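What follows is the residue order along each chain.
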Amino acid sequence: ILMSAYAVEESKRRALEGGAIACLDKPLDLEPLLDLVRQANRAAVLVVSEDPEVRALTASLKDAGFRVTTAGSSRSALELSEQIAFRIVIIDCELGMESPVEIYKSLKRAAPTSDAIMLTSADEANKNLAREAVGLTAFTHLEKLEAERTLPGVMTQLVGQQVSGERWKPQPRD
């Protein structure tokens, strides 16, 4: 967490890109800092995937302190989003016959304050779907092969941004 009395937007952006989860201005009010820590540890996450390997990511996310729920279809994802206020929705771009972009749009309408992370394979058409969702306000996209290693850190940064109000999108590595 970066705390500064003199931080300019460019240095805040660099700090967030470098791994800071939030930038707080001085004089520091301790309540937002405590909220940041509390909320980062309780963020509700929805993983939408039919792939058992993607759904297995839930263990690493739970270990990182997130409350994780899984859905195997858009229908169950929408039903769950009506019951639980998810901060983050992770959408697998390989959902059989269902369009991940349409699933993203539906979930965004149902839960407008949530942020989405799209998971892709190495397939270029799959990445294009993820890029389309990111263009519509999804937070970022990650390749499945890297997700187990990178996803908890990306999500911690995202929750920090949600709490602190500092918003930026990371540049996906294509």
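For the structure itself, consult the block above.
Notes on the structure in this doc start here. (Residues numbered from 1 in each chain as written. Predicted model: local features only at pLDDT ≥ 70, side-chain atom pairs only at ≥ 80, totals over all residues. Heavy atoms only, no water.)

Points about the pairing of strand E6 (residues 115-120)
Next up, step 1: When you tally the buried positions in E6, you get six out of six residues, the bulk of the element.
Next up, step 2: Side-chain alternation along E6 places Asp115, Ile117 and Leu119 on one buried face and Ala116, Met118 and Thr120 on a second face that is also buried.
Next up, step 3: Examined bridge by bridge, strand E5 (residues 88-92) and E6 share five bridges and lie parallel to one another. Each residue of the ladder has a partner; that of valine 89, found in E6, is alanine 116.
Next up, step 4: Where the polypeptide runs from E5 across helix H6 (residues 100-110) and back to E6, its parallel neighbour, the crossover connection is right-handed.
Next up, step 5: Of the strand pairs in this sheet, E6 and strand E7 (residues 140-143) are connected by four bridges, and their pairing is parallel. Residue pairing across strands places isoleucine 117 opposite threonine 140, the latter belonging to E7.
Next up, step 6: Handedness of the E6-helix H7 (residues 124-135)-E7 crossover: right-handed. (Buried < 20%, exposed > 50% of the residue type's maximum accessible area, 1.4 Å probe, protein only. Helix = DSSP H or I, 4+ residues; strand = E, 2+ residues; numbered from the N terminus. Pairing = 2+ DSSP bridges. Right-handed = clockwise from strand over helix to strand, strands pointing away.)

With respect to the environment of threonine 69
Next up, step 1: Tracing the backbone through its elements, the reader meets threonine 69 in strand E4 (residues 67-71).
Next up, step 2: As a C-alpha pair, threonine 69 and phenylalanine 86 span 17 residues in sequence and 9.2 Å in three-dimensional space.
Next up, step 3: Beyond its immediate chain neighbours, meaning those up to four positions away, threonine 69 contacts Val45, Leu46, Val47, Leu80, Ile84 and Phe86. (Contact = heavy atoms within 4.5 Å.)

Considerations on the pattern of salt bridges
Next up, step 1: Applying the stated criterion across every chain, the model contains five salt bridges.
Next up, step 2: Among the salt bridges present, the one from aspartate 92 reaches lysine 144, with a minimum N-O distance of 3.0 Å. Note that aspartate 92 is positioned in strand E5 and lysine 144 in helix H8 (residues 144-164), a separation of 52 residues in sequence.
Next up, step 3: Between lysine 144 and glutamate 94 there is a salt bridge, and its shortest N-O distance comes to 2.6 Å. (Salt bridge = Lys/Arg side-chain N within 4 Å of Asp/Glu carboxyl O.)

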